[in-house]
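# Breakdown of the fold
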Amino acid sequence: METYIVRVNGVEYEVEVEKKNSTVSGTESTAAQAAPASGESAPSVSAAPQAAPAAAPGSIEVKTGTAGKIWKISSKPGDVLEAGDTVLVIEAMKMEIPVVAPEKGELVQITVAEGEEVKAGQVVATLK
């Protein structure tokens, strides 16, 4: 079993992942079973989160986590947001899903309007 840190909309979660069909007994590892047969070394997987490169001023992108329709815009340009503050809310499958600021910054631009359809991963706002 391996432990990873996963960040979803700016919130970090610690998750444990077990390989499918693994038969680990005691402290025995399945790493040898996962190594490539060609003799190449297996790629290393780091459990620690990697720091994202620093964005240029005005280029912190706020992206959607899922497809849906913009239900409500909660913030306006000029607002100073903390990481995790709600920028807007998407309605998808009768659920309200907040889209949050990935880090602290001033909201520069919102690129969508209420009622507009959006795709997963679409940039909907910019912070600086």
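Here the structure is shown first, and the text comes after it.
The notes below deal with the structure included here. These numbers come from a predicted model, not from an experiment. (Residues numbered from 1 in each chain as written. Predicted model: local features only at pLDDT ≥ 70, side-chain atom pairs only at ≥ 80, totals over all residues. Heavy atoms only, no water.)

### Structural notes on the overall build of the protein
- Counting secondary structure elements, the protein contains one helix and 10 strands.
- Helices and strands appear in the protein in the N-to-C order β-β-α-β-β-β-β-β-β-β-β.
- When each of the 128 residues of the protein is scored for burial, the buried share is 20%.
- Partitioning the intrachain contacts of the protein with sequence separation of at least 6 by distance along the chain shows that 50% fall at a separation of at least 24.
- Total accessible area computed for the protein in this model is approximately 8,900 Å², and 52% of it derives from carbon and sulfur atoms. (Helix = DSSP H or I, 4+ residues; strand = E, 2+ residues; numbered from the N terminus. Buried < 20%, exposed > 50% of the residue type's maximum accessible area, 1.4 Å probe, protein only. Contact = heavy atoms within 4.5 Å. Areas by Shrake-Rupley, 256 points an atom, 1.4 Å probe, with all protein chains shown as cover.)

### Examining the pattern of salt bridges
- One pass over the full model with this rule turns up four salt bridges.
- Notably, a salt bridge pairs Asp-79 with Lys-76, separated by 3.1 Å at the nearest N-O pair.
- Residue classification places Lys-76 among the exposed positions, given a relative accessible area of 53%. (Salt bridge = Lys/Arg side-chain N within 4 Å of Asp/Glu carboxyl O.)

### Comments concerning the pairing of strand S2 (residues 11–17)
- Alignment of strand S1 (residues 2–8) against S2, held across seven bridges, turns out to be antiparallel. Bridged to Tyr-4 within S2 is Val-15.
- The antiparallel hairpin formed by S1 and S2 contains two residues in its connecting segment, where Asn-9 sits at a positive phi of about 50 degrees. (Pairing = 2+ DSSP bridges.)

### Quick notes on a nonpolar patch on the surface
- A cluster of nonpolar side chains, contributed by Val-6, Val-8, Val-11 and Tyr-13, occupies part of the molecular surface with about 320 Å² of accessible area.
- At the level of secondary structure, the elements contributing two or more residues to the nonpolar patch comprise S1 and S2.
- By the element assignment, Val-11 lies in strand S2. (Patch = residues over 30% accessible without salt bridge, like charges linked within 9 Å, V, L, I, M, F, W, Y side chains within 5 Å.)

### Observations regarding the environment of Glu-82
- Tracing the backbone through its elements, the reader meets Glu-82 in the loop between strand S5 (80–81) and strand S6 (86–92).
- Glu-82 sits in the partly exposed class, given a relative accessible area of 41%.
- The spatial distance from the C-alpha of Glu-82 to the C-alpha of Gly-105 is 6.6 Å, given a sequence separation of 23 residues.

### A word on the nonpolar core
- Among the nonpolar cores identified, the biggest contains 17 residues, and Val-87 and Leu-88 are the most heavily contacted of them.
- Mapped onto this core, the elements with two or more residues apiece are strand S3 (60–63), S6, strand S8 (105–110) and strand S10 (123–127).
- Excluding anything up to four places from it in sequence, Leu-88 contacts Ile-70, Lys-72, Ile-73, Ser-74, Ile-97, Pro-98, Val-99, Val-112 and Val-124. (Core = buried A, V, L, I, M, F, W, Y, C linked by side-chain atoms within 4.5 Å.)

### With respect to the sheet that holds strand S7 (residues 95–100)
- In spatial order, the strands read S7-S6-S4-S9; together these four strands make up an open sheet with antiparallel pairing. Lying at the two open borders of the sheet, with one neighbouring strand each, are S7 and strand S9 (117–118).
- As paired strands, S6 and S7 are joined by six bridges and run antiparallel to one another. Bridging across to S7, Thr-86 finds its partner in Val-100.

### Some words on the sheet that holds S5
- The strand order across the open sheet formed by four strands is S3-S10-S8-S5, and the pairing between neighbours is antiparallel. At either end of the open sheet lies a strand with only one pairing partner, and these are S3 and S5.
- Sheet analysis places S3 next to S10, joined by four bridges and oriented antiparallel. If you follow Ile-60 over to S10, its bridge partner there is Leu-127.

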